[in-house]
Amino acid sequence: MISSSANSLPFDLNGYFINTIYPMVTNMVFLINLGTIVFQLLCVVAVFRISWVRLISLIYDIQHILIFLLTGLLFWKWIWLNTGIIITLKKLNGKTVPTQISVFSLVVLILSPTVFNTATLGWFDTRSFNNAYFVAITKDGNEYRVPSNYFLSFSVTAAQQGLGRPFEGHFDTSTYGNTQNKEIMKEAENCALPVDTSLGVNNKKNRQRIGKYLKMHHQFILENVNKDGRLNYDFYPHHIWSNLFQFNSFKSLDKRTIEKYKFVVESVCLSVQDGILIEKLVHGSELIVEL
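Residues numbered from 1 in each chain as written. Predicted model: local features only at pLDDT ≥ 70, side-chain atom pairs only at ≥ 80, totals over all residues. Heavy atoms only, no water.

Draft legend 1. Just the pattern of salt bridges, in detail. On inspection of all chains with the given rule, the structure shows five salt bridges. Residue Asp 228 is joined to Lys 227 by a salt bridge in which the shortest nitrogen-to-oxygen separation is 3.6 Å. A salt bridge links Glu 290 to Lys 260, with the nearest nitrogen and oxygen atoms 3.9 Å apart. Taken as a pair, Glu 290 in strand E4 (residues 276–290) and Lys 260 in strand E3 (residues 258–273) lie far apart in primary sequence, 30 residues in all. A residue is classified by how much of its surface remains accessible, and Lys 260, at 22% relative accessible area, is partly exposed. (Salt bridge = Lys/Arg side-chain N within 4 Å of Asp/Glu carboxyl O. Helix = DSSP H or I, 4+ residues; strand = E, 2+ residues; numbered from the N terminus. Buried < 20%, exposed > 50% of the residue type's maximum accessible area, 1.4 Å probe, protein only.)

This is how it looks when you write it as structure tokens:
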């Protein structure tokens with residue numbers, strides 16, 4: 001639901017994902033989570049056989065591709081790394097890994113979180129989502145929803161609604177409506193999180209940092225557009241992709257006609273009814289940035 005609401009399903013056409021794929025995935029959540037944990041833990045055993053390392057690396061690449069198709073998150077760096085491991089170890093076919101090296105690798109693997117900053121990728125998903133996005137406003141007053149891909153190296157932050165967060169007065173949830181707090185999760189699932197409609201993103205801090213970023217990025221865009229005022233921002237290794245079919249009007253827009261941007265945050269409670277995504281607006285606020 002979240003990826004569909006955030007327009008970050010690159011190949012979702014006419015709500016196909018919500019109507020067809022979502023019901024199947026919903027019924028398999030437990031098995032998907034269980035399979036993910038099992039395959040992650042198998043890496044501890046895989047270090048004892050070259051063929052096992054190649055196999056588990058291939059499984060991880062398949063997982064990453066499925067994640068991209070289902071959520072829009074493309075772990076392309078991880079895919080390249082695993083592919084490199086598979087190709088490199090192919091040259092060692094028929095050879096065995098000395099036990100000492102396997103044990104040493106296992107110890108390094110287990111102790112690595114004590115030395116390196118390891119991402120804690122575990123959370124509760126909820127239906128309470130702060131959908132933050134940008135709208136481009138042209139000189140003639142027309143408005144165009146801006147895809148996260150437009151922000152190039154900053155696209156992952158834009159896609160994760162990271163700019164301007166935490167959002168004053170909005171839901172107390174994080175990226176894509178998730179939380180690591182069990183109590184917040186219970187309220188969020190029941191759409192019972194409090195909001196303060198007297199507050200929003202239009203404050204001095206956001207006007208400064210969001211305004212500064214948008215002006216700098218727009219200047220970069222103007223310096224790199226073609227003779228028609230367009231830029232192929234989809235041709236970039238995004239970590240999170242925006243929908244490739246829903247932003248055609250903005251894609252064809254002459255970016256030189258953009259006069260200002262609008263930063264919008266909508267606290268919505270999500271549900272699916274009869275194959276249709278329902279976004280119940282609880283609180284909305286916006287910030288206008290003049291160029």
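That shown, we press on.
Draft legend 2. Up close: helix H10 (residues 204–224). Its 21 residues give H10 an end-to-end C-alpha distance of 30 Å, which sits within 8% of 30 Å, the value for a rise of 1.5 Å per residue. Along H10, the residues classified as buried are Asn 206, Ile 210, Gly 211, Tyr 213, Leu 214, His 217, His 218 and Ile 221. On the buried face of H10, the contacting elements are strand E1 (128–138), E3 and E4. (Expected span 1.5 Å × (residues − 1). Contact = heavy atoms within 4.5 Å.)

Draft legend 3. Expanded view of the packing of aromatic side chains. Scanning the entire structure with this criterion turns up 13 aromatic pairs. When the ring of Tyr 150 is compared with that of Phe 151, the centres are 5.4 Å apart and the planes differ by 75 degrees; the resulting orientation is edge-to-face. When sorted by exposure, Tyr 150 lands in the same class as Phe 151, which is buried. When the centroid spacing of 6.1 Å and the interplanar angle of 45 degrees are considered together, the rings of Tyr 233 and Phe 250 count as tilted. Taken together, the residues span a long stretch of sequence, with Tyr 233 in the loop between H10 and helix H11 (248–251) and Phe 250 in helix H11 at a distance of 17 residues. Lying over the aromatic face of Tyr 133, Arg 145 brings its terminal NZ or CZ to 3.6 Å of the ring centre. Over the face of the ring belonging to Phe 250 we find Lys 255, whose NZ or CZ atom lies 4.8 Å from the ring centre. (Phe/Tyr/Trp six-rings, centres within 6.5 Å; stacked < 30°, edge-to-face > 60°. Lys NZ or Arg CZ within 6 Å of the ring centre and 35° of its normal.)

Draft legend 4. Main features of the nonpolar core. Of all hydrophobic cores here, the largest spans 27 residues; its most connected members are Tyr 150, Phe 250 and Phe 263. Those elements that provide at least two residues to this core are E1, strand E2 (143–146), H10, E3 and E4. Sequence-distant contacts of Phe 263, defined by excluding residues within four places in its chain, comprise Ala 132, Tyr 133, Phe 134, Leu 163, Phe 167, Val 201, Ile 210, Ser 285, Glu 286 and Leu 287. One finds Leu 73, Phe 75, Phe 129 and Ala 159 within the second-largest nonpolar core, a separate group that totals 10 residues. (Core = buried A, V, L, I, M, F, W, Y, C linked by side-chain atoms within 4.5 Å.)

Draft legend 5. Structural detail: helix H6 (residues 76–90). With 15 residues, H6 ought to run about 21 Å at 1.5 Å a step, and its terminal C-alpha atoms sit 21 Å apart, in line with that. For H6, every residue scored as buried is listed here: Ile 79, Asn 82, Ile 86 and Leu 89. Across the axial projection of H6, the buried residues extend over an arc of 110 degrees, all falling on one side. Away from its buried face, by an angle of more than 90 degrees, H6 presents the exposed residues Lys 77, Trp 80, Leu 81, Ile 87 and Thr 88. Looking at the buried residues of H6, the elements they touch are helix H5 (50–71). (Arc of directions from axis to C-beta.)

Draft legend 6. Region of the structure containing the side chain of Gln 63. With respect to the helices, strands and loops of the structure, Gln 63 is situated in helix H5. Residue class for Gln 63 comes out buried when judged on its relative accessible area of 17%. The residues touching Gln 63, leaving out its near neighbours within four places in the chain, are Gly 35, Thr 36, Phe 39 and Gln 40.

Draft legend 7. Spatial organisation of the sheet that holds E1. In spatial order, the strands read E2-E1-E3-E4; together these four strands make up an open sheet with antiparallel pairing. Both outer strands of the open sheet, E2 and E4, are each paired with one neighbouring strand and no more. Strand-to-strand twist across the sheet, computed as the mean angle between neighbouring axes with direction ignored, equals 30 degrees. Bridging between E1 and E2 involves four bridges; their strand directions are antiparallel. Considered in E2, the bridge of Ile 137 is made with Glu 143. In the packing of H10 onto the sheet, contacts are made with E1, E3 and E4, and the angle to E4 comes to roughly 85 degrees. (Pairing = 2+ DSSP bridges. Axes fitted to C-alpha atoms, helices over the stretch in contact; angles between N-to-C directions.)

Draft legend 8. Structural context of a nonpolar patch on the surface. A surface patch of nonpolar side chains, about 900 Å² in accessible area, is lined by Phe 11, Leu 13, Leu 55, Leu 58, Ile 62, Ile 65, Leu 66, Leu 69, Leu 70 and Phe 245. For Leu 13, the location among the structural elements is in the loop between helix H1 (2–5) and helix H2 (16–26). (Patch = residues over 30% accessible without salt bridge, like charges linked within 9 Å, V, L, I, M, F, W, Y side chains within 5 Å. Areas by Shrake-Rupley, 256 points an atom, 1.4 Å probe, with all protein chains shown as cover.)

Draft legend 9. Main features of unusual backbone geometry. Of note, the bond from Arg 165 into Pro 166 is cis; its omega dihedral lies within 30 degrees of zero at 5 degrees. Of note, Pro 166 is situated in the loop between helix H8 (155–159) and helix H9 (182–189). One non-glycine residue, Tyr 176, lies in the positive phi region at around 55 degrees.

Draft legend 10. A look at the packing of helix H3 (residues 29–41) against H5. At a minimum axis separation of 10 Å, H3 and H5 run at an interaxial angle of 150 degrees. H3 and H5 meet at a crossing whose hand is left-handed. Listed contacts from H5 to Gly 35, Thr 36, Phe 39 and Gln 40 of H3 are Ile 56, Ile 59, Tyr 60 and Gln 63. Class assignment of the residues belonging to the contact of H3 with H5 gives a composition of four nonpolar, four polar and no charged. (Left-handed = near helix turned anticlockwise from the far one by under 90°. Nonpolar A, V, L, I, M, F, W, Y, C, P; charged D, E, K, R; others polar.)

In short, geometric facts, not functional conclusions.
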